[in-house]
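Listed here are the chains, written in short residue letters.
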Amino acid sequence: MAKETQNSLPFEIPVVRATKENLSGYGRFVTNFDEEKVEINPWPVTGPRKARPGTDIIPGVDCSQLTFKYEGNKYVSVKDIGRRMEVGTICEEEQSPDNKYVLVSEITFHPDCGEVFYPKNGDPFITVLALPGDDFGKTEREAIAVLLDVGPSMNQAPPGVATPLETALEAITMILQRKMFAESKDEVALVLVGSEETDNPLADDESYQHISIANPLGVVDFDFLQLVQNDVKPTTTSGDFVDGIVVAMDHLMNALQGKKGFGFKRLIVMSDLGGEFGDDQVDTIIASIKNSGTELNIIGPDFDDDDDAGPTPGTSGEERKEKTPQQRAGHALVRHILEEVDGECYSFSEALPALSYFQSRQVRPTAWKCPLEIGPELKIPINGYVKVKDFKLKQSWKAVYAKDPEMEVGKLRTYHKNDEEETEVDKDDMVEKHRYGTESVTIPEEDKGNMKYKAEKCFKVLGFTKMENVKRSEMMGDGCMAVVAEKGDEAAGIALSALINALYETNMCAIVRRVYNASSSPRVGCLVAHIKADYECLYWFELPFMEDVRQFTFGSLPLKEENPTNKKYKPTEDQLSAVDSLITSMDLSTAAQDEEEESTELLKPKLTFNPHFQRLYQCLQHRALNPDDELPELSPMIANYLKPPEEVVVRSQSNLESLRAKFKLEAVKRKEEKTGENLFKENGDGEPAGKKVKVDGDLEGGMETIAKATVTEVGSTTPVEDFMALISMKDEDKFEEACGQMQKRIQQIVLDSFGDQFYGKAMECVKCLREQCIKKQEPSQYNTFIKSFKETLVSKARKDFLDKMVDGKQSLITSGECEGGAAPAEVEEFQAGEATQKDEAKEEDTAEDLLDEL
């Protein structure tokens, strides 16, 4: 099955070979059909799903014959009574000669009783099994009724400030957008209070006036979104929001009659509570909300204490006017209702930020089921659930015809020979060819299946190790899986709990081999104990194989006091203290405050949206509603995600100033090199330097000498040439100075090298330095440096370069090469460590090890 097809399925059901172990709980093997007892059980009822009357237990026994066959790309089941049913569909892109890949929908007709299956001709067969109590129905949907006040009090605000109605419409738009982009099947209704007209089934000549059902309960679409943005206007008529609650509840209950799958009901009231109302139906409203299980949310102005005196500052810094007596009475009534029904209230300033983010559709988690094997005898049935996984945007871009966007464009791929005629080649006449060294090897299609490593589904513990042996940098894969005991298996829960607590108390983890299914490659990972107050589990993290690890060697920070080069870069105690204070002030784990004003974590991953997706959703929504307009500016809400939290910036400001003072950074002006190009640049007198008459010296060497830059030091670009130029100067003997510069340059090149990237360049420098020291009869210049350089290489984890020097015969200059050189015993002592280690390594190497190295 294609991977993208698998990812789009609501449930992933692995196909496994039935054994006594993995059938446990699902069923059992039958050898004598006549004596087998079939237990007839009612369909398990969980959550809101109810069994139909008469289907709890079907009396009697029914024996039928099912015939499975292919009809085109359909896999169908035909019962002996003539009833036909489609079992599944073969993926078109994955059709194979034996038709072994099928999208299964169902296989039989009686999920409310026990059954025995057996093939009449002895052939293997596939059936879909579930544990008792497993609910594979669709995710429960939510029904929402939004009650919006459009009366005159909702259209009053100081100049330059958004009115309550404008803010409420923005909040409703956000709710609808979230439903649309989540591809939600939830249904939403909009009821207006204070409308000019009256349109509701409860209205008569006296009651429920100026209340309209603007949009009946239904799935959110663009028409609904455009109605909210374009058709909802403020009015001069005041309505009773209490009557509006009654109308909204009545519509919600009536609209859900006959609809299935709605497990949640919610009523959202958006009003400043400034209109007149009656309280004679409050008790009826409370009883209705409780009995129906509806959740009540009220969004309006800030719900301050009623005894607040005078105006108070608003969320944007403006003065918010004092509440009217009518609003105070409305707030008191609302608080009473919320307390009775356990509802919640929000101010617009609290609701808007939470509603401003788009959310994708929530997918019900599906368990990966496999026994956790610890040795040959102990097997614990477990369920694995994806805890963290890289999010992939479901909406995909489709190529369409520009002149008719409704028409999709298909793709046709053809293969052609690289000849003059570009002869087309049929796909069946092609084979894959892979490079093997300098040769190419063809792999026929029938051999590709045999090349794959075959493994059975398993979750097997290989051993245990201390947590410090598993580095965080080695945890790989595309997510994390939470492992819990099999649902309903008490023995498995006790066994797994004992394992979790033992790992936690000993600070150890389990190294596990995991094979997802028979067609998957084996993986190795670790199981880490995770214990919370209300639950405990194991977290699975995938670990790398040798081929997955990249070996890089980096220059280290100064660690050893005795190394003189480290003293210059060692930070002082004040500098260390300043960095420590900065980290503490920018600690996100205590940067925010919860409702009880206690410190809590800021930017929690489960509460932090990806700004990339938010911006994409914003642009798609804008272009859908405004196809001819330019894309909008980045939303302020999204922009704030791309900035450091304001609380952290303010708190760390003083520490940043202290850090700036203690780590003084000065701009170093690089000395301009005298090259042939800048010789002809204008000097301070305004005359090109190249045109000045040369008074002293001669012109030996011609134009090449004139254009050549004067070398003053051994540079990093051409160190060998610079070193030779310095020691070749006739006017001054700079051999000792040049050697010192060359030695520093060698050390810099090696320590700054990314792995062994610059080792070749450094080796050329070492060879040149050694040759010239022998030529100038100055062996001490080289030998002293090499001895000191050896200590630096060992301390900086660059021993591999030292090995290259020894292998390249760039060790100490001996007395046989130059007078004053090192004695043979001294050279042997210098190379003793490396030679001994290499000899030991050679003795231990086997033929397989050498082959692996190759």
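Residues numbered from 1 in each chain as written. Predicted model: local features only at pLDDT ≥ 70, side-chain atom pairs only at ≥ 80, totals over all residues. Heavy atoms only, no water.

### Details of the overall build of the chain
Then step 1. From N to C terminus, the chain includes 22 helices and 27 strands.
Then step 2. When each of the 854 residues of the chain is scored for burial, the buried share is 32%.
Then step 3. For the chain, restricting intrachain contacts to residue pairs at least 6 apart in sequence, the fraction spanning at least 24 positions comes to 65%.
Then step 4. Surface exposure of the chain reaches about 56,600 Å², of which carbon and sulfur atoms provide 51%. (Helix = DSSP H or I, 4+ residues; strand = E, 2+ residues; numbered from the N terminus. Buried < 20%, exposed > 50% of the residue type's maximum accessible area, 1.4 Å probe, protein only. Contact = heavy atoms within 4.5 Å. Areas by Shrake-Rupley, 256 points an atom, 1.4 Å probe, with all protein chains shown as cover.)

### A word on the packing of aromatic side chains
Then step 1. A complete count under the given rule lists eight aromatic pairs for this structure.
Then step 2. Here Tyr-539 and Phe-541 contribute two aromatic rings whose centre-to-centre distance is 6.4 Å and whose plane-to-plane angle is 75°, an arrangement assigned as edge-to-face.
Then step 3. Residue class for Tyr-539 comes out buried when judged on its relative accessible area of 12%.
Then step 4. Ring geometry for Phe-789 and Phe-801: centres 6.1 Å apart, planes at 65°, overall edge-to-face. Of this pair, Phe-789 sits in helix H19 (residues 779–795) while Phe-801 sits in helix H20 (residues 799–807), and the two are 12 residues apart along the sequence. Phe-801 shares its class with Phe-789; the two are buried.
Then step 5. Taken together, the ring pairs in this structure connect Trp-368, Phe-459, Tyr-516 and Trp-540 into an aromatic cluster.
Then step 6. Taking NZ or CZ as reference, Lys-790 lies 4.8 Å from the ring centre of Phe-830, over its face. (Phe/Tyr/Trp six-rings, centres within 6.5 Å; stacked < 30°, edge-to-face > 60°. Lys NZ or Arg CZ within 6 Å of the ring centre and 35° of its normal.)

### So, the sheet that holds strand E5 (residues 141–149)
Then step 1. Reading across the sheet, the six strands line up as E7-E6-E5-E8-E9-E12 and stay open at both edges, with mixed pairing between neighbours. The open sheet has two edge strands with one neighbour each: strand E7 (211–219) and strand E12 (344–347). Taking each pair of neighbouring strands and ignoring which way they run, the sheet shows an average axis angle of 15°.
Then step 2. Sheet topology note: the E5/strand E6 (residues 187–193) ladder contains seven bridges and is parallel. Its bridge partner lying in E6, Ala-145 is registered against Ala-189. (Pairing = 2+ DSSP bridges. Axes fitted to C-alpha atoms, helices over the stretch in contact; angles between N-to-C directions.)

### Let's talk about the sheet that holds strand E23 (residues 508–515)
Then step 1. Spatially, E13-E14-E22-E25-E24-E23-E21 is the arrangement adopted by the seven strands of the closed barrel, whose pairing is mixed. Averaged over all adjacent pairs, the angle separating strand axes in this sheet is 40°, with direction ignored.
Then step 2. Pairing of strand E14 (residues 378–389) with strand E22 (residues 476–485), which is carried by seven bridges, proceeds in the antiparallel orientation. In the strand pairing of E22, Lys-389 is matched with Gly-479.

### Remarks on a negative patch on the surface
Then step 1. Residues Asp-731, Glu-732, Asp-733, Glu-736, Glu-737 and Glu-778 make up a contiguous surface patch of negative charge.
Then step 2. Along the polypeptide, Glu-778 turns up in the loop between helix H18 (759–775) and H19. (Patch = residues over 30% accessible without salt bridge, like charges linked within 9 Å, V, L, I, M, F, W, Y side chains within 5 Å. Salt bridge = Lys/Arg side-chain N within 4 Å of Asp/Glu carboxyl O. Lys, Arg positive; Asp, Glu negative; His and termini not counted. Charge placed at Lys NZ, Arg CZ, Asp CG, Glu CD.)

### Looking at the pattern of salt bridges
Then step 1. This structure, assessed with the given rule, holds 14 salt bridges.
Then step 2. Asp-186 is the partner of Lys-179 in a salt bridge, and the nearest nitrogen-oxygen pair spans 2.9 Å. Taken as a pair, Lys-179 and Asp-186 share a single burial class, namely buried.
Then step 3. Glu-657 is paired through a salt bridge with Arg-660; the nearest N and O atoms lie 3.0 Å apart. Of this pair, Glu-657 and Arg-660 both sit in helix H14 (residues 646–662), three residues apart, roughly one helical turn.
Then step 4. Given a relative accessible area of 41%, Glu-657 falls into the partly exposed group.
Then step 5. For Arg-660, a relative accessible area of 53% corresponds to the exposed category.
Then step 6. Connected via shared salt-bridge partners are Glu-142, Lys-179, Asp-186, Arg-266 and Glu-295.

### With respect to helix H6 (residues 325–341)
Then step 1. Taking 1.5 Å per residue, 17 residues should reach 24 Å; H6 reaches 25 Å between its end C-alpha atoms and fits that length.
Then step 2. Turning to H6, the residues buried within the fold contact helix H4 (241–255), helix H5 (282–292), strand E9 (294–300) and E12.
Then step 3. Following H6 by one or two positions, Asp-342 adopts a phi angle in the positive range, close to 60°. (Expected span 1.5 Å × (residues − 1).)

### Considerations on the pairing of strand E13 (residues 368–374)
Then step 1. With seven bridges connecting them, E13 and E14 associate as antiparallel partners. Bridge assignment links Lys-369 to a residue of E14, and that residue is Asn-383.
Then step 2. As consecutive antiparallel partners, E13 and E14 are separated by three residues, and within that stretch Gly-375 has a phi angle of approximately 80°, a positive value.
Then step 3. Summarising the sheet, E13 and strand E21 (residues 458–466) pair through two bridges and their orientation is parallel. Across the sheet, residue Leu-372 finds its bridge partner in E21, namely Phe-459.

### As for the nonpolar core
Then step 1. Within the largest apolar cluster, 35 residues are counted, with the highest numbers of intra-cluster contacts made by Phe-723, Ile-746, Leu-769, Tyr-782, Phe-789, Phe-801 and Met-805.
Then step 2. Secondary-structure elements contributing two or more residues to this core are helix H16 (719–727), helix H17 (735–751), H18, H19, H20 and helix H21 (824–844).
Then step 3. Sort the elements by how many residues they give to this core and H18 lands first, with nine residues.
Then step 4. With near-sequence residues (within four places) excluded, Phe-723 lies in contact with Val-714, Ala-738, Cys-739, Met-742, Cys-768, Leu-769 and Gln-772. (Core = buried A, V, L, I, M, F, W, Y, C linked by side-chain atoms within 4.5 Å.)

### Overview of H20
Owing to its 3.6 residues per turn, the α-helix aligns residues three or four sequence positions apart on the same side.
Then step 1. Considered for burial, the residues of H20 that qualify are Phe-801, Leu-802, Asp-803, Met-805 and Val-806.
Then step 2. Once H20 ends, the next one or two residues include Lys-809, with phi positive near 60°.

### Observations regarding unusual backbone geometry
Then step 1. Here Glu-422, not a glycine, exhibits a phi torsion of approximately 50°, which is positive.
Then step 2. Counting through the fold element by element, Glu-422 comes out in the loop between strand E17 (415–416) and strand E18 (424–425).
Then step 3. Under the relative-accessibility criterion, Glu-422 is labelled exposed at 53%.
Then step 4. Phi is positive for Gln-777, close to 60°, though the residue is something other than glycine.
Then step 5. Counting through the fold element by element, Gln-777 comes out in the loop between H18 and H19.

### Structural notes on the environment of Gly-27
Then step 1. Note that Gly-27 resides in the loop between helix H1 (3–8) and strand E1 (66–71).
Then step 2. The sequence separation of Gly-27 and Leu-129 amounts to 102 residues, and the corresponding C-alpha distance is 8.5 Å.

### Some details on the side chain of Asn-783
Then step 1. Among the secondary structure elements, Asn-783 is positioned in helix H19.
Then step 2. What makes Asn-783 buried here is its relative accessible area of 7%.
Then step 3. Setting aside residues up to four positions removed in sequence, Asn-783 forms contacts with Leu-812, Ile-813, Gly-821 and Ala-822.

### Considering a nonpolar patch on the surface
Then step 1. Together, Tyr-401, Met-407 and Val-409 make up a nonpolar patch on the protein surface, roughly 280 Å² of accessible area in all.
Then step 2. Mapped onto the elements, Val-409 comes out in the loop between strand E16 (404–408) and E17.

### Describing the confidence of the model for the chain
Then step 1. When pLDDT is averaged along the chain, the result is 76; 71% of the residues meet or exceed 70.
Then step 2. In this model residues 1–12 is a low-confidence stretch, pLDDT under 50, and it forms 19 contacts with partners more than four residues away in sequence or in other chains. (pLDDT = per-residue confidence, 0-100.)

### Regarding the packing of H4 against H5
Then step 1. Contact pair H4 / H5: the axes reach a minimum separation of 11 Å and the direction vectors enclose 30°. Overall, the two elements H4 and H5 adopt an arrangement that is roughly parallel. The chirality of how H4 crosses H5 is left-handed. For the pair H4 and H5, the contacting residues are Val-242, Ile-245, Val-246, Met-249 and Met-253 in the first and Ile-285, Ser-288, Ile-289 and Ser-292 in the second.
Then step 2. Residue classes in the contact of H4 with H5 are distributed as seven nonpolar, two polar and no charged. (Parallel < 35°, antiparallel > 145°, perpendicular 65-115°, else oblique. Left-handed = near helix turned anticlockwise from the far one by under 90°. Nonpolar A, V, L, I, M, F, W, Y, C, P; charged D, E, K, R; others polar.)

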